[in-house]
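# Architecture and fold: a report
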Amino acid sequence: MYYTISSDTDEDGMMQGFYFADDGQEDIKFDYGQRLFSSDNPTARDREKEPTDIIKLNLKRSEKAAPLPSFLEQPVPLMRKDLLDTLRNAGVSNLDAYPAELYYPDGSLAPGEYYIVNVVGLIAAADLEKSDFDPEQPEKLISMSFDLLAIDSDKTKGALMFRLAESVVEII
């Protein structure tokens, strides 16, 4: 059985958000399901290279307005270290993680150890016969929108975690 991983809101419906503090880092392809190139690769574009510095992120809300979750999916996957460790201990081996520091709007450093996570692996595993979606959608790869998603486990070839090729924002 497979599940999607996504962000959630607190009891008041609030969700923490963030944006990149440094120009250029937001262009890095953390969400394409492909491994990034080494930072010294001469033929790779900057957005295809691993970051060399700690990624600084600015939180959109104060801790009192919205607590820090263990996972935020947008604009790129951000995981707290305990969740990342749990996934790895469960056998998920296709996660490239890059250290991140989170800063509150007042400039203070948020507690906890966080990582931007690149989920490596793009698999076309949606069972379109059992899924519910608008059949008039022109796109059947990359950006499909599902009302109900069914996964064909045979197509996953045993992968424990991956990006769904039909909708790359979905982490399964």
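To start, this report covers the structure provided alongside it. (Residues numbered from 1 in each chain as written. Predicted model: local features only at pLDDT ≥ 70, side-chain atom pairs only at ≥ 80, totals over all residues. Heavy atoms only, no water.)

Right, let's get into the environment of Gly17. Among the secondary structure elements, Gly17 is positioned in the segment before β1 (18–20). With 55 residues separating them along the chain, Gly17 and Leu72 place their C-alpha atoms 7.5 Å apart. (Helix = DSSP H or I, 4+ residues; strand = E, 2+ residues; numbered from the N terminus.)

Spatially, 3 strands are ordered β7-β10-β11 in an open sheet, and the strand pairing comes out mixed. The sheet is open, and its two edges are formed by β7 (122–123) and β11 (167–171), each paired on a single side. With 2 bridges connecting them, strand β10 (residues 163–164) and β11 associate as antiparallel partners. In the sheet register, Leu164 faces β11, and the bridge partner there is Ser167. (Pairing = 2+ DSSP bridges.)

Before going further, it helps to examine a negative patch on the surface. A cluster of like negative charges, contributed by Asp132, Asp134, Glu136 and Asp147, occupies part of the molecular surface. Inspection of the secondary structure assignment puts Asp132 in strand β8 (residues 132–133). (Patch = residues over 30% accessible without salt bridge, like charges linked within 9 Å, V, L, I, M, F, W, Y side chains within 5 Å. Areas by Shrake-Rupley, 256 points an atom, 1.4 Å probe, with all protein chains shown as cover. Salt bridge = Lys/Arg side-chain N within 4 Å of Asp/Glu carboxyl O. Lys, Arg positive; Asp, Glu negative; His and termini not counted. Charge placed at Lys NZ, Arg CZ, Asp CG, Glu CD.)

Of all 6 residues making up strand β6 (residues 114–119), 6 are buried, and the element is well covered by its neighbours. Alternating positions in β6 separate into two faces, Tyr114, Ile116 and Asn118 on one and Tyr115, Val117 and Val119 on the other, with burial throughout. Note that strand β4 (residues 78–80) and β6 share 3 bridges and pair antiparallel. Bridged to Met79 within β6 is Tyr115. Both strand β5 (residues 95–103) and β6 contribute to a ladder of 6 bridges, which runs antiparallel. Within β6, the residue paired with Ala100 across the bridge is Tyr114. (Buried < 20%, exposed > 50% of the residue type's maximum accessible area, 1.4 Å probe, protein only.)

Okay, the pairing of β5 next. In this structure, strand β2 (residues 55–59) lies alongside β5, joined through 4 bridges in parallel fashion. Directly across from Ile55, in β5, lies its bridge partner Ala100.

This part covers the sheet that holds β4. Across the sheet, 6 strands lie side by side as β1-β2-β5-β6-β4-β3; this open sheet has mixed pairing. This sheet does not close on itself; its edge strands, each paired only once, are β1 and β3 (71–72). Lying over the sheet, helix α1 (residues 81–89) contacts β3, β4, β5 and β6, oriented at roughly 90° with respect to β4. (Contact = heavy atoms within 4.5 Å. Axes fitted to C-alpha atoms, helices over the stretch in contact; angles between N-to-C directions.)

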